[in-house]
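Here is how the chains run, residue by residue.
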Amino acid sequence: MTTSTARRGRLIQVARSALVIFFAFPLLFMFVASFKPDAQIFADLGSIKAILPVGDVSLENYRGVFDRVPAARFLVNSVLVSAVTVVLGILINSMAAFALSRMRWRGRRVVLAAIIATLIVPFETFALPLVWWVNKLPWLEIHGFQLRLTEGWLDTYQVQILPFVANAFSIYLFYQYFTSIPVELDEAARMDGAGWFGIYRRVVMPLSGPAIATVAILTFLPAWNSYLWPLMVVQSEELRPVMIGIQYFFQLNVSWGQIMAYASMITVPVLVLFVAFQRAFIGSIASAGVKG
Amino acid sequence: MSTTTAPEQVAEDVLPRQHRRGGTRTARTHETLIGAAMASPAVILLIVFFLVPVLLAFGLAFTNARLISPRPPHFVGADNFIRLFGDSLFWASLRNTAYFAVVVVPVQAGLALVLALLANAKVRGTNFFRTVYFAPVVTSMVVISLLWRFIYQPDGLLNKIIEAVSFGQWHGTDWLNNPSTAMPAIMFMSIWQAVGFHMIIWLAGLQTISRDLYEAAALDGASTWKTFTHITWPGLRATRTFILITITIAALSLFTQISVMTQGGPLDSTTTVVFMAVRSGYEQQSTSYAAAVSLVFFVLVLAVSGVQRFLTREQD
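Note that the structure is predicted; figures quoted are calculated from it, not measured.

## Here we look at the overall build of chain A
Okay, step 1: When helices and strands are tallied, chain A shows 15 helices and two strands.
Okay, step 2: Considered along the principal axes of its C-alpha atoms, chain A spans approximately 75 × 70 × 35 Å.
Okay, step 3: Evaluated residue by residue, chain A yields a buried proportion of 53% over its 292 residues.
Okay, step 4: Of the contacts formed within chain A by residues at least 6 apart in sequence, a portion of 67% connects residues at least 24 apart.
Okay, step 5: Carbon and sulfur atoms provide 67% of the accessible area of chain A, an area that totals close to 13000 Å².

Have a look at this one:
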């Protein structure tokens, strides 16, 4: 009995280690290759050296990336777009969830049901009509002291941010979390003279750290990784996010080493964040599934 | 990874009836006003960026709208659909999308379950394994597609490995430029990327099954297989439906891999419904035709997830 359990344990270990190699190998290869010139990458392919930082290792590829394209600009754009989407998303969706879960007002149930219903429609269904639609939307531009009305959002920052701020799933996650915070706390705060917004800001939000983290992660990842949408609505180089930037960079027929350098640059920070906040990441993404 | 699933039910209302702040009429009006005001930014954004474009998808499909055109669109009836059903590229897209889904859905769900069972076993290092399997999930599909383009190219990593393990006896092919291997190559990569996500969901499901049941089975001397079929599998019913539907919707939405790796080629062997919609709506600027393709996609998603829900319900 004990020996067979021990043997099964060992078997599981072996299977898992084999799978670890299978899952880690490509990403490890990408990172290691980013430090090698193409000749070295191809020479190392057939052996374990492919994932070892040996031979001609340097930061030359990274320099090459910045020489060929405004990669820093792409990074700034993506950081800006994802950060603003995350901050606005947390604010707007939590406020809506607060109003839906803790306040009584007419139409609340209808609004909640409508928001939940939107979850079954994939973005791809209306992405193309949305391109047509945002091209018709007005925007106020500030020129010095003058306000000017412009038409069409194509090729702007707002077109990369605003469509993804309000999110039914985020509202749902906040709603679920808020229902676990005792209503008695609201009453106590009211005794102390707090209004509705005060309860939201001083009572409910400070207690909602885990929900905020979940929504932040689930908003950040698709914003940072977004490709389909900016491919269609961003044309000029100054507004390009990283994922469009790398595709464009690839089409310049640069060396593989430089592509791996660019790819590592936009992936490794996210992976480091992921490893640092592993529990929160996996928890958030699992929470998307637990409530089927 | 998409989170386009409908949570079946919302948590119970936290505000019990009797809890009502006895308040006057004005207090209640005040509450309504503030409540509506706090919900309105999200509601307005959802109307502008969700409701309107969804309605437009239905409307524009029956017009001749173009992305950039000085003339307003006008009604053309079912013209777009008639053209669509006579378009051989559309049928190729539909076939390829179905092929991808039929292979990826069961393989990915099954492999994810195997990984979850391995990760659930009480052996040292579970956390580390979980982290590694999950790393591709948080990596962008664009980066992964570019990386695998290198792996799949004629003198790339995969062919070098094939040569190395066969001592030069076997040679690979130009995986992405061969009509019979391009789609399977994309399938393999897609499963590699997303399987960690579904492993985590299976794992969450596994952890809801009571330990007592396993202990009872062990006392009765049940085999590993018997334990799996009688305890684990029935215990995963809700998780199963969720996983099936999310993988299917993600599979039907196949786009990024195609756009980065093959552009629908070789010989239209990897073009998909969403890829075709983007190509006609964006590159050819024919919004109305793209709206028609999108509608077909939406009907497909609804039909497939409806059928799956129905089938998984039948088993109760």
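## Section: the confidence of the model for chain B
Residues and elements named next belong to chain B.
Okay, step 1: On average, chain B scores 86 in pLDDT, and the residues at 70 or more come to 91%.
Okay, step 2: Across residues 1-9 the pLDDT falls below 50, and counting only partners more than four positions away or on other chains, this stretch makes 29 contacts in the model.
Okay, step 3: Counting interchain partners and residues more than four positions distant, the pLDDT-below-50 stretch residues 16-20 has seven contacts.

## Some points on the packing of aromatic side chains
Okay, step 1: Overall, the coordinates contain 38 aromatic pairs over all chains when judged by the stated rule.
Okay, step 2: On the basis of an interplanar angle of 75° and a centroid distance of 5.1 Å, the ring pair of F22 of chain A and F23 of chain A is categorised as edge-to-face.
Okay, step 3: Ring centres 6.1 Å apart and planes at 80° place the aromatic pair F164 of chain A and W229 of chain A in the edge-to-face group. Of the two residues, F164 of chain A is situated in the loop between helix 7 (158-161) and helix 8 (168-178) and W229 of chain A in helix 12 (residues 228-233); the sequence distance between them amounts to 65 residues.
Okay, step 4: Following the ring pairs from residue to residue traces out a cluster consisting of F22 and F23 of chain A together with Y133, W148, Y152, F188 and W192 of chain B.
Okay, step 5: Its end group placed over the ring of Y248 of chain A, R240 of chain A keeps NZ or CZ at 4.1 Å from the ring centre.

Cut-offs applied
- Residues numbered from 1 in each chain as written.
- Chains lettered and ligands numbered in written order.
- Predicted model: local features only at pLDDT ≥ 70, side-chain atom pairs only at ≥ 80, totals over all residues.
- Heavy atoms only, no water.
- Helix = DSSP H or I, 4+ residues; strand = E, 2+ residues; numbered from the N terminus.
- Buried < 20%, exposed > 50% of the residue type's maximum accessible area, 1.4 Å probe, protein only.
- Contact = heavy atoms within 4.5 Å.
- Areas by Shrake-Rupley, 256 points an atom, 1.4 Å probe, with all protein chains shown as cover.
- pLDDT = per-residue confidence, 0-100.
- Phe/Tyr/Trp six-rings, centres within 6.5 Å; stacked < 30°, edge-to-face > 60°.
- Lys NZ or Arg CZ within 6 Å of the ring centre and 35° of its normal.

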